[in-house]
Each structure stands twice: as structure tokens, then as C-alpha cells.
Amino acid sequence: MEVKGCRSELEVFRRSMIETVSRRDSVSVKCSPSSQNLQMSTPRTMPLTIRNTYSIPTKTEFRASSAPLIPNPFPELCSPTHSPVLTGSFSGRDPPSNSSTHVLRVFGDATHSRSVLVTSGTTAHDVCRMLAHNAHCTDKESWALIEHHSALGLERCLEDHELVVQVQSSWPVESDTKLIFRKNYAKYEFFKKPVLFFPEHMISDSADVTKGMTSSELVQNMVKSGSCPEIQGFLHVREGGKKSWKKLYFVLRRSGLYCSNKGQSKEPRHLQFIGDLEDLNVFTVFNGRKLYGAPGEHVFCIKALKDRFRCQDLKLMCADSEQSRTCWITAFRLFKHGKQLQCNYQLSQSSARLHKPSRQDSKYADREESMVAMDFSGKSGGRVIQNPHEAQNAEQEEGHSWRKREALRHSLPTNGHGPQLSAVHQVQPWFHGGVSRTEAQRLLEEQGQVDGMFLVRDSQLHAQCFVLSLCHKLKTKHYLIIPLEQGDKQYYTMDDGVTLFTDLLQLVEFHQINRGILPVCLKHPCTCIAL
């Protein structure tokens, strides 16, 4: 009796399971047309869907899920918080095919970002050109993509030929790693001034193979040909997983990075091989003292491509000065990429010349071509100025007279409160408002800290005054701009009234041509944009 009862209960259970499965199949069949309609009715979500665009799931993967196959319209909500690696991340998988498309999130600052649809063959140069065009940047030169690791304090400027999808595939899924779009004037500055990037005391004696040639001539010839001299010098180094730093002598050659275990000896038996440059990436480290207990501020590190982003996988190094750190990082790039860097530089120069606005591409081409320079100073009416130099001088005089009229208009008293200060500087890209001295130095360092790079900010110590922060020889200097009243007019000066300017725009334009009291002319404005 008990056996019959058990059999009957088992048969009832089997029948109920069959009915449940049949109902589930019918529901999935009924839902499949609606899923197709949903997919076609929400085309705006398709660019964000980058999951499995290059691989087809197997049948077992479909059977493992009992839910209907409806595409997720908000894939970014399924990724970790503030993570630039979206749900369709391919970390740890095979590289996707060139026909697949992916969404790349790029940050302009800490809060503003923009998503860009890219393919597997998209380079960093392509992304920079696309973002500069969409952001309506008037200056499309020297933009770069920065690989930023906040938790580890690492940054690296992507080379123009690097594939952004391949770089992103090496990131951990649950990390705060992101790409930042900003200026980097020092990316190719060593091609223009190679002697400043390679100090004579850091060039190895064995590198001077050409007799009768000075070290500066050797550096110029090698860098222009896409090569680099052998670099040597002392560095403080910290091995992965350790807390102590020790000072060792390093030699950087085309064959790799070496460390001497006996003072400054470069004999083969005393040199220890550290790594091949083809398998390494070099990063700049910020907050090195706080994060890693570095003996100085000029910290950088090397990491093997196969290693993960962990503290124990980083080989940290600390240089004695910013010039020394810049020399090591530049030599790493030249030895690793060689002539490719020279091709990237030439491409950036040619694209910059191509993107300069021409008369034919202007919206007002026909109107401008129909205009001529006129002189109305005589009593007999206007005359056409045929000489181009005279026409240019007339244009400059007209600009100066316009500025004088504007200055007179702003200097008129309003409501009995004295002269009104000009606010034309507030819309300029080089004006950064009330940023602090430390923040200004950080912005200049992030964008290359090359000679002539500058910004203007409000003074935090003196009311109604401004500060000009200027880079020179890898250092930042600050100059106070004070307002000065003469009669009923308001002026600005940096040299105690010797040179007067009606507004900050005139002051900047003057020092872009004349040094004045500055060590170098103003050349590169420190610019920040919100994507």
C-alpha cells in the first residue's frame, strides 16, 4: 500500500512539472515577438549595448536562463558605480573583431563625461579629434587621452596610435579607472626642444659613438630620427609589496632597463636585467608620498602588461627632480615606440595645419572676399588700401581705437561707485576664477608644464587683484596683477605702474608678444572644458 501511494504521488509530481515547463515555453514563445518590438522601438539604446557584439552565445547559455530574452535598455545601470567599463566589458576575453562597436566613456573633469561610439580599430588620436570637434574647441592641437587610476594614483598619456578598446580591456571590471580628455602640451615637446628633456649628466658616455659631436648635437640628431641616447642615473626604488625604499643606479638602453648591484658599475656582470621595454608601461604617480611613502614628489612606476593593476605588481621609482623624472619617462617612450612617435608627431602637425579655418571653409567666405580695406582719414572720401602691410596696420589701429572706446565706457562712473572693472576676461579659456595656488599648480602640471604655459586666477589674499601663474623650466611662478586708478580710469599692472593695461585681455595679448618682466612670453593657455 505504501509503494502504490508513493508511485501515485510521483506520477502527480511529474505531471505538474510537465505542465509547468509547457506553460513556461508558451510564455517564452508569446514574449518573443514583444521583445523584437521592444528592440526596434528603442533605437536610442542600441549604441549603449556593447555586450557580446563580437561573440555568439552557445545554446547552453540560452537554456541556462529561464527569463525571456529582452535586451536591457539601460546597460550602464548594471555596471559598478561610476565605472567607465560598461556591462559589455570584454576584460579577460579574446579581443573583439574590428566590425564590433563599443561605447567609450570619456571624462572632461571629475563630474562631466561623454559617451563615444568607437570600433576596435579606433585610436586615441581619433577619439581626441572627435571630442575636440564635438566640443567646438577652437584649438584642436595638443589634446590627449589620459588613463587615470585614482585608487593607485597612476596616470599615463595614451599614445596617438594606441587602440582605446584594447587599453580598456586590460582594466579591472570593478575599478575607478577612467579616461580623461585634456590638454598635454608636453606630449611632443621633446621633438621641438630635445636638449631641455635630456640633461647632459644623464646621458651615458657610451652613447657618444660619434666623435667630434657634442652631447646636445647628439641628442638632437637621435631624437629627430626617432631614437634616444642611453640614460643613466640614481633612482629611489621600491619593490612590489615592500615598504622600504633604496637608492640604486639604473641604466636605460634599447635592450631594456638594467640595475647595477655594485655602485655605478656598468659592467655586464654587475648589471641586473629588470624588464624588456616592449612588455612594460610607464606611469606618472601622483600623491606618491601619501600613497607609497616616497622620499620625494617626483615618482613614476613601471608595470608589466601581463600584470594586473595591484600595488604588489608595481615597481615604483622616485627621481630627484622633475627634470630627471621627465627625462626617464621620455626615454621610456622613445625606446619603446621609436619611429612611431615621430610619425605621430608629424601626423599631429599635418592635421593641425589641415584643420585651420580657411577662407573657403568659412560661412562668410563670399562676404569676406567682397570686402576691402578702406581709409576714411582724408577729406576727399574713402580710398581702397592696396598695400597689404598698410591694410594690416589699419586693422591694428582700428582694434586699438575700439579698445580705447571700450575702456572709456567701462571707466565711466556708475551710481557713484567709481570706475567699473572690465569683465571681458571671464569668458577667456585661460581664466580659472577662484582656484587656489595649489590647484593652479596641479592644473599646469597635468597639462605638461612646458615653457610659456599659463593661466590667470583671482587672488585669494588681495581683493580685486589677480594672479598670473606661468610655467618656466618645469617650475611654476606666480605674478600679482593689481588694479591701479589714474584719474577716472581703471588700469591693471604687474610692474608697479610702469606698464598699464585697460583689461586683463590686453595684458595677456601684450605678453604673448613681449616678455616684459616675465622670463618667457605667454604661449600655451591652460584650458579646461566640460564634455
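Residues numbered from 1 in each chain as written. Predicted model: local features only at pLDDT ≥ 70, side-chain atom pairs only at ≥ 80, totals over all residues. Heavy atoms only, no water.

## Comments concerning the pattern of salt bridges
Part 1: Enumeration according to the criterion identifies 15 salt bridges in this entry.
Part 2: A salt bridge links Asp-160 to Lys-187, with the nearest nitrogen and oxygen atoms 3.0 Å apart. Taken together, the residues Asp-160 in the loop between strand E4 (154-157) and helix H4 (164-169) and Lys-187 in the loop between strand E5 (178-183) and helix H5 (189-192) connect sequence positions 27 residues apart.
Part 3: Residue classification places Lys-187 among the buried residues on the basis of a relative accessible area of 4%.
Part 4: Notably, a salt bridge pairs Asp-307 with Lys-306, separated by 3.4 Å at the nearest N-O pair.
Part 5: Among the residues examined, Asp-307 registers a relative accessible area of 24% and is labelled partly exposed.
Part 6: A relative accessible area of 73% means that Lys-306 is categorised as exposed.
Part 7: Here the salt bridges share partners, and the residues they tie into one network are Glu-155, Arg-182, Glu-439, Arg-442 and Glu-446. (Salt bridge = Lys/Arg side-chain N within 4 Å of Asp/Glu carboxyl O. Helix = DSSP H or I, 4+ residues; strand = E, 2+ residues; numbered from the N terminus. Buried < 20%, exposed > 50% of the residue type's maximum accessible area, 1.4 Å probe, protein only.)

## Examining the sheet that holds strand E3 (residues 143-149)
Part 1: What the twelve strands build is an open sheet, ordered E2-E1-E5-E3-E4-E10-E11-E12-E6-E7-E8-E9; its pairing is mixed. Both outer strands of the open sheet, strand E2 (113-119) and strand E9 (271-275), are each paired with one neighbouring strand and no more. Each adjacent strand pair in this sheet contributes to an overall mean axis angle of 40°, direction not counted.
Part 2: Note that strand E6 (residues 231-238) and strand E12 (residues 315-318) share three bridges and pair antiparallel. The residue of E12 that forms the bridge with His-236 is Cys-318.
Part 3: Helix H3 (residues 124-134) rests against strand E1 (101-107), E2, E3 and E5 of the sheet, and its axis sits at about 110° to E3. (Pairing = 2+ DSSP bridges. Axes fitted to C-alpha atoms, helices over the stretch in contact; angles between N-to-C directions. Contact = heavy atoms within 4.5 Å.)

## Some points on the confidence of the model for the chain
Part 1: Per-residue pLDDT for the chain has a mean of 76; in total, 69% of the residues score no lower than 70.
Part 2: Here residues 79-94 is modelled with pLDDT under 50, and outside its nearest four sequence neighbours on either side it reaches 41 contacts, counting other chains as well.
Part 3: Low pLDDT, under 50, characterises residues 358-369; the stretch is placed with five contacts to residues that sit more than four places away or in other chains. (pLDDT = per-residue confidence, 0-100.)

## Structural notes on the sheet that holds strand E18 (residues 489-493)
Part 1: Sheet architecture is open: five strands sit in the order E18-E17-E16-E15-E19, paired in mixed fashion. Two strands lie at the open edges of the sheet, namely E18 and strand E19 (524-525), each paired on one side alone.
Part 2: Running over the sheet, helix H13 (residues 437-446) touches strand E15 (453-458), strand E16 (466-472) and strand E17 (475-486) and is turned about 155° from E15.
Part 3: Those strands touched by helix H14 (residues 504-511) are E15, E16, E17 and E18, and its axis lies near 160° from that of E15.

## Notes on the packing of aromatic side chains
Part 1: If you walk through the whole model with that rule in mind, you get twelve aromatic pairs.
Part 2: On the numbers, 5.0 Å between centres and 70° between planes, the contact of Phe-234 with Tyr-249 is edge-to-face. On the criterion of sequence distance, the pair formed by Phe-234 in strand E6 and Tyr-249 in strand E7 (residues 246-253) is long-range, its members being 15 residues apart.
Part 3: A residue is classified by how much of its surface remains accessible, and Phe-234, at 32% relative accessible area, is partly exposed.
Part 4: Ring centres of Phe-501 and Phe-510 lie 5.2 Å apart, and the angle between their planes is 55°; this geometry places the pair in the tilted category.
Part 5: A relative accessible area of 30% places Phe-510 in the partly exposed class.
Part 6: Grouping aromatic residues by their ring pairs yields a cluster made of Tyr-188, Phe-190, Phe-191, Phe-197 and Tyr-345.
Part 7: In this structure, Lys-247 is placed above the aromatic ring of Phe-234, and the distance from its NZ or CZ to the ring centre is 5.5 Å.
Part 8: Cation over ring: Lys-303 sits above Phe-309, and NZ or CZ is 4.4 Å from the ring centre. (Phe/Tyr/Trp six-rings, centres within 6.5 Å; stacked < 30°, edge-to-face > 60°. Lys NZ or Arg CZ within 6 Å of the ring centre and 35° of its normal.)

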